[in-house]
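# Results of the structural survey
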Amino acid sequence: LTTTKLNKLLPTVMSRLNKIFVPNLSVADKKIISNELKNEGINIEPIINKDFNLTESINLVTNNNYSEAIDQVFELLTNLNTTQDIPNLVSTLNVKDKTLFLTCLMDVFLDILTPKKFDDEKIRPLKQKFNDKVIIKILPHIDTAYKYINSNVNFTYVLDNLLFKILREKFL
């Protein structure tokens, strides 16, 4: 998420974001940033070749990471049926951004409650799996997982714990 108007963002959104202030940069500085991103495996070369815009580049990177994390969340929740599934599901995840993954998890559950973002074909099976009362009980657990991640607790532990709590809320 990028903005030039921080004051327009809701406090709930702000609490889940890391703020990075990007000054106006010269073309040379923008190319240096592009090379740094390329070293991290993120190619924004097509944007540089047209009118290079750092904000657009950040949006592109964020959107790609978001859609990848959303796909992982849908797959995880679709395949989460019993506590025996948890070790295998967690071990096969390749989460690049832990906070983003938890944000996507929150977004999916919120969308089950009030459909807005995602395709109904993707949400429908999860609506059958998780009713509104269960989701309302799950959301505070996701918030707690954020706090653990921000305190540098091991992500595998946090996710295992969170998935156990999701199943507990679902079946109790």
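Everything below is about the structure shown above.
These notes cover the structure that comes with them. (Residues numbered from 1 in each chain as written. Predicted model: local features only at pLDDT ≥ 70, side-chain atom pairs only at ≥ 80, totals over all residues. Heavy atoms only, no water.)

### Regarding the packing of helix H6 (residues 98-113) against helix H9 (residues 155-171)
Put simply, the rule reads: Interaxial angles span 0 to 180 degrees and are taken between N-to-C directions of axes, which are lines fitted to C-alpha atoms, for helices over the stretch in contact. Starting at the N terminus, helices and strands are each numbered in turn, a helix being any DSSP run of H or I of at least four residues and a strand any DSSP run of E of at least two. Each angle receives one of four descriptions, namely roughly parallel if under 35 degrees, roughly antiparallel if over 145, roughly perpendicular if within 65 to 115, and oblique otherwise. Helix crossings fall into two classes, left-handed where the near helix is turned counterclockwise from the far one by less than a right angle and right-handed where it is turned clockwise. Note on definitions: a residue-residue contact is assigned when non-hydrogen atoms from the two residues lie within 4.5 Å. Under the convention adopted here, Pro, Cys and the residues Ala, Val, Leu, Ile, Met, Phe, Trp and Tyr are nonpolar, Asp, Glu, Lys and Arg are charged, and Gly plus all remaining residues are polar.
It is at 12 Å that the axes of H6 and H9 come closest, and there the two elements cross at 15 degrees. Comparing their axes, H9 and H6 come out roughly parallel. Crossing of H6 over H9 shows right-handed handedness. For the pair formed by H6 and H9, the contact residues are Lys 98, Phe 101, Leu 102, Leu 105 and Phe 109 on the first element and Phe 155, Leu 159, Leu 162 and Ile 166 on the second. The residue inventory of the contact of H6 with H9, partitioned by class, reads eight nonpolar, no polar and one charged.

### Some thoughts on empty space enclosed by the protein
Any empty space left between the atoms is revealed when a probe the size of a water molecule rolls over them. For clarity, the cut-off: Grid points spaced at 1 Å and placed over the protein atoms alone form the basis of the search, with a cavity being a set where a 1.4 Å probe fits but cannot get out and a pocket an open set showing protein on both sides within 12 Å along at least five of seven lines. Lining residues have an atom within 4 Å of a point. Grid points are joined across faces, edges and corners, and a volume is the space filled by probe spheres set on the points.
Counting across every chain of the model gives two cavities of 30 Å³ or more. Taken as a whole, the largest cavity encloses approximately 80 Å³ of empty space. Asn 65, Glu 68, Ala 69, Gln 72, Asn 94, Val 95, Lys 96, Asp 97, Leu 100 and Phe 101 are the residues that line the largest cavity. Sorting elements by how many residues they give to the lining of the largest cavity places helix H4 (residues 54-79) first, with four residues. When the residues that make up the lining of the largest cavity are grouped by side-chain class, the tally is four nonpolar, three polar and three charged. Approximately 40 Å³ is the volume attributed to the second largest cavity. For the lining of the second largest cavity, the secondary structure elements donating two or more residues are helix H8 (132-150) and H9. Grouping the constituent residues of the lining of the second largest cavity by class yields four nonpolar, three polar and one charged.

### Here we look at the side chain of Glu 169
So the rule is basically this: Polar contact is defined as a pair of N or O atoms within 3.5 Å, subject to the rule that within protein one atom must be able to donate a hydrogen and the other to accept it, and that residues adjacent in sequence are counted only when both atoms are side-chain atoms.
Looking at where Glu 169 falls in the secondary structure, it is placed in helix H9. For Glu 169, the side chain forms a polar contact with the side chain of Arg 168, separated by 3.4 Å. If we ignore the near neighbours within four places in the chain, the residues touching Glu 169 are Val 134, Lys 137, Ile 138 and His 141.

### As for the environment of Val 95
Rules: A 1.4 Å probe rolled over the protein chains alone gives each residue an accessible area, and that area as a share of the maximum for its type sets the label: buried under 20%, exposed over 50%, partly exposed in between.
Within the secondary structure, Val 95 is located in the loop between helix H5 (86-92) and H6. Since its relative accessible area comes to 16%, Val 95 is described here as buried. Val 95 has contacts with Gln 72, Phe 101 and Phe 155, leaving out every residue within four places of it along the chain.

### Things to note about unusual backbone geometry
In this structure, Asn 152 takes a positive phi of about 65 degrees despite not being glycine. Mapping Asn 152 onto the fold places it in the loop between H8 and H9. Relative accessible area serves as the criterion here: at 72%, Asn 152 is assigned to the exposed category.

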